[in-house]
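# Chains, contacts and geometry: an overview
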Amino acid sequence: MTLPLDVSKLADCLRLAARAEVLPRFRRLGEGDVRSKSEPTDLVTEADEAAERFIRKAMEAIAPDALFIGEESVAADPDLLGKLASAEFAVIVDPIDGTFNFASGIPAFGVMASVVWKGETVAGIIYDPMGDDWVIAEKGAGAYLRRPDGEAIRLSVAAPAPIDAMVGMASAGYFYGDVRERVLANLAKVRFVASYRCAAHEYRTFAGGHVHFAMYNKLMPWDHLAGTLIAQEAGGHVARFDGSLYLPHHVEGGLLVATDEESWQLLRREILQH
C-alpha cells in the first residue's frame, strides 16, 4: 500500500535520535535526570524528553501534516491522546521504551514509532540502539530485521506448541486483585514466562520466532502499535482479551499475541479465563 510518509526516513530519524540523545546518557544520568511519573517504577529521564524533542522536530520536516503523539508529550498534555481516534494521519513515538531498564543501566531498551493512517496502523518500527538495527513492518508487506548496511531478513513467528511447551512474555504488573492472582497461577501451565520490562524487545523476540506469546493488560499506543503490526506481519495472531480487533485508539481491554489463532484461543482459555 502507498504510505503517507517514507518509512526509511522515520527509521533513520529514530537512529539519529538514539545516537544524539539516548546513548550518550546511558549509564551517565546525573542527579535529577530521572523522575517518577505515575508510580516509582514509571520513570522519565532527560534522555526520553530530549529524544522525543529530536524526533518531533524531524517529523515537522518529514511529515508536517501528521499528528505527533509522543509518550512524554501526552504526559505533559493528556488531552493529546484523545485526538488519535479522529486523526487521519498520525505518528506515534516512544522515545525510550524500557525507561526503567535504561535508568538502571540495563542494555534492554528501544526506540519505537508507528504510523496510523485512516484509523489503522500501517507501519511500525522498533530500533535497538545497542544492536544498531531495526525491526520494521509495513502493512501487507511482511516484517523484517534491517541493518544499517542494507541487509534485510524476513521475520516469522515460532511454530505453534502445546501449552506446556510454550515460552512467552507476560507482564502481570497491571493486573490487579483476584485477576492478578489467577493469571499468575495459570501461567504455571506454560514452560517458561518472562518479562523484559520492555515491550520493544518483547515484540522483537516474538516476531523473531523465539517465544510463542506475549500478554499485556495496560495498553498505550506508543507501547503496542508498532509491535502488534510487526507481530501480525510476521504471521502472529493479535487481539484484545475479548477477541476483538485491537485499534490504534484503544487504551484498555488487554492484549494477547500468539503464534496463530488456535494458540491464541488456547491461551485465553487456560490463562485468562480459568
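Everything quoted here is computed from the prediction, not taken from an experiment.

### Overview of the pairing of strand 14 (residues 255-258)
Burial of strand 14 is two-sided: the residues L255 and V257 facing one way and the residues L256 and A258 facing the other way are all buried. In terms of strand pairing, strand 13 (residues 237-239) meets strand 14 through three bridges, oriented antiparallel. By the bridge assignment, V238 is partnered in strand 14 with V257.

### Some words on the sheet that holds strand 14
Across the sheet, which stays open at both edges, the five strands sit in the order 11-10-12-14-13 with mixed pairing between neighbours. Taken across any chain shown, the strands that pair with only one partner, and hence form the sheet edges, are strand 11 (192-194) and strand 13. The sheet shows a mean angle of 15° between the axes of neighbouring strands, direction not considered. Pairing of strand 10 (residues 167-170) with strand 12 (residues 213-216) involves three bridges; the strand directions are parallel. Looking across to strand 12, one finds that A170 is bridged to M215.

### With respect to the sheet that holds strand 4 (residues 89-97)
Strand order in the open sheet formed by seven strands is 3-4-5-6-7-8-9, with mixed pairing between adjacent strands. Either end of the sheet is taken by a strand with one partner, and the two such strands are strand 3 (67-70) and strand 9 (152-154). Within this sheet the neighbouring strands show an average axis-to-axis angle of 20°, counted without direction. Note: strand 4 against strand 5 (residues 110-117), seven bridges, orientation antiparallel. Note that in strand 5 the partner of F89 across the bridge is W117. Set on the sheet, helix 6 (residues 199-207) makes contact with strand 4, strand 5, strand 6 (120-128), strand 7 (133-138) and strand 8 (143-146); between it and strand 6 the angle comes to about 100°.

### Overview of helix 8 (residues 261-273)
Of the residues making up helix 8, those classed as buried are S263, W264, L267, R268, E270, I271 and L272. Looking at the buried positions of helix 8, the neighbouring elements they touch are helix 5 (177-186), strand 12, strand 13 and strand 14.

### Things to note about the packing of aromatic side chains
In total, this model carries seven aromatic pairs according to the counting rule given. In textbook terms, an aromatic cluster arises when at least three aromatic residues are bridged by ring pairs, as seen for F26, F102 and F109. Across from the ring centre of Y144, 5.0 Å away, lies the NZ or CZ of R146, which sits over that ring. Over the aromatic face of F100 sits the side chain of R197, whose NZ or CZ is 4.2 Å from the ring centroid.

### What about the environment of A172?
Assignment of secondary structure puts A172 in the loop between strand 10 and helix 5. Separated by 22 residues in the primary sequence, A172 and A194 place their C-alpha atoms 10 Å from one another. In this structure, A172 is in contact with R180 and L184, ignoring residues within four places of it in sequence.

Definitions and cut-offs
- For every chain, the first residue of the written sequence is number 1, and numbering continues from 1 onward in sequence order.
- Where local features are concerned, this predicted model is filtered to residues with pLDDT of at least 70; where side-chain atom pairs are given and counted, the filter is 80 or more; whole-chain, interface and lining totals use all residues.
- The side-chain numbers reported here are obtained from all heavy atoms of the structure, hydrogens and water having been left aside.
- Throughout, exposure labels follow a simple rule: accessible area from a 1.4 Å probe, protein chains only, divided by the maximum for the residue type, with under 20% read as buried, over 50% as exposed, and the rest as partly exposed.
- Labels follow the DSSP assignment, with helices taken as runs of H or I lasting at least four residues and strands as runs of E lasting at least two, numbered in each case from the N terminus.
- Here the rule is simple: two strands pair whenever DSSP picks up at least two bridges between them.
- Structural elements are reduced to axes, namely lines fitted to C-alpha atoms, with helices fitted over the stretch in contact, and the angle between N-to-C directions of any two is expressed from 0 to 180 degrees.
- Contacts are assigned to residue pairs with any non-hydrogen atoms lying within 4.5 Å of each other.
- Each aromatic pair joins two rings of Phe, Tyr and Trp (for Trp, the six-membered one) with centres within 6.5 Å, and gets the label stacked for planes under 30 degrees apart, edge-to-face for over 60, and tilted for any other angle.
- Lysine NZ or arginine CZ positioned within 6 Å of the ring centre and within 35 degrees of the ring normal marks a charge as sitting over the ring.

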